[in-house]
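Listed below are the residues making up each chain.
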Amino acid sequence: MPSPSTPLPPHLVYRDHQLVMEDVALASLARAHGTPLFAYSKAAILDALAAYQRGLAGRPHLICYAMKANSSLAILQVLVRAGCGLDIVSGGELERALAVGCDPERIIFSGVGKTRSEMRHALQVGIGCFNVESEAELEVLDEVACDMGLRAPVSIRVNPNVDAKTHPYISTGLKGNKFGIAHERVVQTYLRAAACKGLRVAGIDCHIGSQITETGPYLDAMDRVLELVDAIEAAGVPLEHIDFGGGLGIDYAGDTPPSADALWRQLLERIDARGHGHRKICIEPGRSLVGNAGVCLTEVLYLKPGDQKNFLIVDAAMNDLPRPAMYEAYHRIVPVQPRDEPGLVWDVVGPVCESGDWLGRDRKLAVKPGDLLAVLSAGAYCMSMASNYNTRGRAMEVLVDGDQALVIRQRESAQDQFRMEQLLP
Ligand SMILES: *Cc1c(COP(=O)(O)O)cnc(C)c1O
């Protein structure tokens, strides 16, 4: 676990006893807008993207940001303007991609449960590729495309059966997962796809999991995918691109994932050594582009010391930051204006009526009611997973750019929440 002296994520520093993101004091954001509040560093997002761009420089490639990590429109704009395409998993995410002006050719549609109407819309606008996850889906997509007189570009998501060594809920490349098509059925599935009038085979796809912090599983998966590429082409079905998914981890608790450029240097060596150096590479990173760029600011409401546990009750909760409750995930929690006192060990918990509503356990903090805390590494899978449980409005979001702070999402009111509901007559 990180100690107080562990370096902070990029573009966060303490300056004059104040936590500062780029050149904005986070306490001033909380004063101006209230809490809970998510703040994101634009420079941190662009730096994370630049590492991938360096790693893939000089190769035909497409980086499609997996927007489920954080699908706020302004965040998408930052990445699309910097050259990203988008990886989507629903019709709603397609609408977001179009709303920010993403070139449809640079949209990849992933996910195990695409509906006919989602397929129709994606075909209408002309997306770049459907990543197909089952033979049944392949059949339906063929039917929908034939009906429209179109050919759907497809990749088949293969399940390479490698252990990504991550949390079981975010591991997706093992045989027991719902994702992808089993290794041994891949070639026959490609032959079938190639024979469909409504389909055009474009590539091959795999995504083995999330928060992967070792290089080994990626290298193993690449070997298996390249074996399949050889087998598929030997069977007479040419492939244009290899989509290697996302999944690279970030530092939450002293994790040491490889950097994106170092990882890709190694993967490209593999690709070159096996004679596939000419191929277009697509990737779908999510967490590693935005995760460490965000913090969630929260105010300490009450101190509740006890015999067995000391509880520190804050105004952010599991509806804002679901990862601890969902995966027992660890987020660092640091004071925004640290006190020069020793502090006590606390469980940091939210106001929601569930024992699972905790943000951090056994954290040494010196705080008083009214103090501000920053939950770190909150840029990915936080706001995009936020809910209205307990009729709590979703938090405000701010994008920090140098000394500027732009509100990119207003705080959600109770009226916003029940706007779609109907009182009885
Ligand atoms: C979630 C997801 C990603 C992104 O994963 P990260 O771990 O956030 O990089 C990429 N591709 C697919 C198919 C996904 O489901």
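Cut-offs and rules
- Residues numbered from 1 in each chain as written.
- Predicted model: local features only at pLDDT ≥ 70, side-chain atom pairs only at ≥ 80, totals over all residues.
- Heavy atoms only, no water.
- UniProt positions renumbered as here; feature names shortened; annotations may be inferred.
- Pairing = 2+ DSSP bridges.
- Helix = DSSP H or I, 4+ residues; strand = E, 2+ residues; numbered from the N terminus.
- Disulfide = S-S within 2.5 Å.
- Buried < 20%, exposed > 50% of the residue type's maximum accessible area, 1.4 Å probe, protein only.
- Salt bridge = Lys/Arg side-chain N within 4 Å of Asp/Glu carboxyl O.
- Axes fitted to C-alpha atoms, helices over the stretch in contact; angles between N-to-C directions.
- Parallel < 35°, antiparallel > 145°, perpendicular 65-115°, else oblique.
- Left-handed = near helix turned anticlockwise from the far one by under 90°.
- Contact = heavy atoms within 4.5 Å.
- Nonpolar A, V, L, I, M, F, W, Y, C, P; charged D, E, K, R; others polar.
- Near = heavy atom within 4 Å.
- Polar contact = N/O pair within 3.5 Å; in protein donor to acceptor, adjacent residues only side chain to side chain.
- Domains from an automatic or database assignment.
- Buried area = accessible area lost by both parts, 1.4 Å probe.

An unreviewed UniProt entry lists the protein under the name Diaminopimelate decarboxylase, from Hydrogenophaga bisanensis. Turning to the protein, the UniProt annotation filed under Sequence similarities (unreviewed entry) states: "Belongs to the Orn/Lys/Arg decarboxylase class-II family. LysA subfamily." Its UniProt record gives the protein the following Catalytic activity (unreviewed entry) comment, quoted word for word: "meso-2,6-diaminopimelate + H(+) = L-lysine + CO2".

(A) How the structure looks around the pairing of strand 2 (residues 18–21). In the sheet, strand 1 (residues 12–15) pairs with strand 2 via four bridges, with the strands oriented antiparallel. Bridging from a neighbouring strand, Leu12 pairs with Met21 of strand 2. In sequence, strand 1 turns back onto strand 2 through a hairpin of two residues, with Asp16 there showing a positive phi of about 50°.

(B) Structural view of the state of the cysteines. Applying the stated criterion across every chain yields a total of zero disulfides. In this structure Cys146 is a free cysteine whose sulfur lies 7.5 Å from that of Cys196, the closest cysteine sulfur available. Taking the relative accessible area as the measure of exposure, Cys146 reaches 38% and is therefore partly exposed. Not engaged in a disulfide, the cysteine Cys353 finds its nearest cysteine sulfur in Cys296; these two sulfurs lie 19 Å apart. For Cys353, a relative accessible area of 64% gives the class exposed.

(C) A look at the pattern of salt bridges. Counting across every chain of the model gives 22 salt bridges. Linking Asp23 and Arg15 is a salt bridge whose minimum nitrogen-to-oxygen distance equals 3.2 Å. Taking the shortest distance from any N to any O, the salt bridge between Glu397 and Arg409 comes out at 2.7 Å. With a gap of 12 residues between them, Glu397 in strand 20 (residues 396–401) and Arg409 in strand 21 (residues 404–409) connect regions that are remote in the sequence. Judged by its relative accessible area of 0%, Glu397 is buried. Here the residues in one salt-bridge network are Glu135, Glu139, Arg185 and Arg192, joined through shared partners.

(D) A look at the packing of helix 4 (residues 91–99) against helix 5 (residues 116–125). At their nearest, the axes of helix 4 and helix 5 sit 9 Å apart, and the two run at 25° to each other. Between helix 4 and helix 5, the angle falls in the class roughly parallel. In the packing of helix 4 onto helix 5, the handedness of the crossing is left-handed. Along the contact surface, helix 4 presents Gly91, Leu94, Glu95 and Leu98, while helix 5 presents Glu118, His121, Ala122 and Val125. Taken together, the residues that form the contact of helix 4 with helix 5 break down as four nonpolar, two polar and two charged.

(E) Focus on the site of the ligand. The immediate surroundings of the ligand are formed by 14 residues, with Lys68, Ser210, Glu284, Arg287 and Tyr381 found nearest. At a separation of 2.7 Å, an oxygen atom of the ligand approaches a polar backbone atom of Arg287. Between the ligand and Tyr381 there is a distance of 2.5 Å, counted from an oxygen atom to a side-chain nitrogen or oxygen. Of the residues contributing to the shell around the ligand, the split by class is three nonpolar, six polar and five charged.

(F) Molecular detail of the domain arrangement of the protein. Each domain of the protein was delimited in the assignment, giving domain 1 (12–41 + 291–418) and domain 2 (110–285). For domain 1 versus domain 2, the distance between C-alpha centres works out to 36 Å. Each side of the interface is counted separately: domain 1 has 10 residues, and domain 2 has eight residues. Surface buried jointly by domain 1 and domain 2 totals about 740 Å² across both partners, of which 58% is contributed by carbon and sulfur atoms. Among the residues domain 1 hides against domain 2, the three largest losses belong to Asn292, Tyr327 and Tyr330. Together they make up 53% of the total. Here domain 1 is connected to domain 2 by zero salt bridges. The interface formed by domain 1 and domain 2 includes zero residue pairs in polar contact (both at pLDDT 80 or more). The class makeup of the residues in the side of domain 1 that touches domain 2 is four nonpolar, four polar and two charged.

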